[in-house]
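# Fold and geometry: a report
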Amino acid sequence: MRRCLGHFIDGEWMSSRSEDMFTVFNPFTESAYGEVAIGSAEDVDAAVRSAHRALGQGAWRDATLEERIGVVQRIRDAIVSRADELARVTTSTMGTPYHQYRNLANAAEIIDMSIDMARKVQWEYLRIDASGDSLIARRPVGVVAGIVPWNVPVRSEVKKVTPALLAGCTIVLKPAPEAPFGAEILAEICAEAGVPPGVVNVVMGDGTTGDLLVRHPLVRKVAFTGSTATGTRIWNAVAESFTRLQLELGGKSAAVLLDDVDLARVRTGLFAGIFFMSGQQCTATSRILAPRRRYDEVVALMEEIAAEVVMGDPFDENTTMGPLVAKRQRDRVLGYIEIGQAEGARLVCGGRRPPAQSTGWFVEPTVFADVDNSMRIAREEIFGPVAVVIPYDDDADAVRIANDSDYGLGGSVYSIDPHRALAVARRIDSGYVSINRYGIPSSAPFGGVKRSGIGREHGVEGFDSFLEYASYPLSHSFAQELSSITPIERSSPNEVKHDQG
């Protein structure tokens, strides 16, 4: 049994003030894998105050960007060197096939992207225009509360910690109790890489712990990835404090197959869109929109893709889909399959616990046909390996159905004509829509609209949310003095008069 009985606060592991524990299970063996502490109000307060104290002391905040980058690069190298260990821990707690998850666990491209974006930021510049002269500066937003889900451990933590560190912030990270040990290892890596005490803190815990964290008065920004229901509670919790929010929430994304699509070329994207990670992805393209005249072809293709899925031991290199994270998640998915059948959808394949698996919280890859977009299985996030195939009449109808959703996180459009696909994608109300592929590059801004969240991660746009603007109006003479060492943004080439005071 792996045990984490405390929290990483002020640069060291401290025993939890609470005796409450959470048992972490291996979803393939259904046996206990470890235990993790549940943080109390006292634990949360100690962690946030440690972060606030470290911010005020200024050693990290006032370091140069290149000094911070040097530490982050050491974190990157350590994560890459321990990628096998991190992937094994994740596979043992999540059930994602080891050979699929190893590259995600090293998270190198996320860190490299964040460093590149930090270097693109204009940290200070002079704004000279007809209204006067000002020094515009970027500064860290303050103490960040980073709360991450269980479905992509390590990578999710890195997406919160890395931009916070590069921006000069301090952070309190709370991993999901189902998959906490990647965060435990990351805390050790940060300390070994030279992150000053208090700059990165990790509090283990459950939803109650997270609620205490987001409500803490010293937290200036909440960066959360998780369900829309929890995101809504966080929004309500911080409304009175005006805490900055970055919420990456649920999705019910559509994969739109246009009527000219080459079905032989979309298999990989459709598999990844719903069966990778057993469908436990917020970006899953769980709604397959098919033209009526080719509807039967698309349904047959989805059935073929599902039949090719290999379920089994996630450490077996032949396995392409592992179990769901927990018994409750398996039961939730099976419940939605029952709902779909009751609503009148046609179960094409799957829909059961696989009889060949004596243990493990598996659900067979499942495909529904004859689905109307008003059905619950087409509207609610199932978070499992369940695809629904919905017919449409023409491009306008496809756009209408894709947009007829409470969510707007991702999506895909497939066509032999990328220009046509892009024209359709531009009309879909979603944070991103991929053309002839699934997923999104790490350097592109990532986030949703509607009930899929607010704000963005990744890219300069995501990094920006960890920074505040500060303005310093100057006399013209002082601005001229600074102009030799500070970049200048001029809004007009015309010479203007200034107050010489």
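Quick note: structure is the one above.
Please read all numbers here as calculations on a predicted model, not as lab measurements.

## Some points on helix H2 (residues 65-81)
Here H2 spans 24 Å end to end across 17 residues, near enough to the 24 Å set by a 1.5 Å rise per residue. Those residues of H2 that sit buried are Leu65, Arg68, Ile69, Val71, Val72, Ile75, Ala78 and Ile79. Of the surrounding secondary structure, the elements contacted by the buried residues of H2 are helix H3 (83-94), helix H4 (98-106), helix H5 (108-120), helix H6 (155-167) and helix H7 (181-193).

## Quick notes on the nonpolar core
Counting 60 residues, the largest nonpolar core has Ile75, Ile79, Val144, Leu165, Val195, Val200 and Phe463 as the members making the most contacts within it. Only H2, H3, H4, H5, H6, strand S9 (170-174), H7 and strand S10 (200-202) provide two or more residues apiece to this core. The leading source of residues in this core is H7, at eight residues. When neighbours within four sequence positions are excluded, Leu165 is seen to be in contact with Trp60, Arg68, Val72, Ile75, Val195, Val199 and Val200.

## Notes on the side chain of Arg330
Along the chain, Arg330 turns up in helix H12 (residues 327-342). A polar contact is formed between the side chain of Arg330 and the side chain of Asp331, at a distance of 3.1 Å. Excluding anything up to four places from it in sequence, Arg330 contacts Leu324, Arg353, Trp361, Phe362 and Val363.

## Overview of the environment of Arg138
Its place among the elements puts Arg138 in strand S7 (residues 132-140). In this structure Arg138 comes out as buried when scored by relative accessible area, which is 11%. Separated by 32 residues in the primary sequence, Arg138 and Asn106 place their C-alpha atoms 30 Å from one another. Ignoring anything within four residues of it in the chain, the contact list for Arg138 reads Val121, Gln122, Trp123, Asp464, Leu467, Glu468 and Tyr469. Polar contacts involving the side chain of Arg138 include one to the side chain of Asp464, which spans 2.7 Å.

What counts, and at which threshold
- Residues numbered from 1 in each chain as written.
- Predicted model: local features only at pLDDT ≥ 70, side-chain atom pairs only at ≥ 80, totals over all residues.
- Heavy atoms only, no water.
- Helix = DSSP H or I, 4+ residues; strand = E, 2+ residues; numbered from the N terminus.
- Expected span 1.5 Å × (residues − 1).
- Buried < 20%, exposed > 50% of the residue type's maximum accessible area, 1.4 Å probe, protein only.
- Contact = heavy atoms within 4.5 Å.
- Core = buried A, V, L, I, M, F, W, Y, C linked by side-chain atoms within 4.5 Å.
- Polar contact = N/O pair within 3.5 Å; in protein donor to acceptor, adjacent residues only side chain to side chain.

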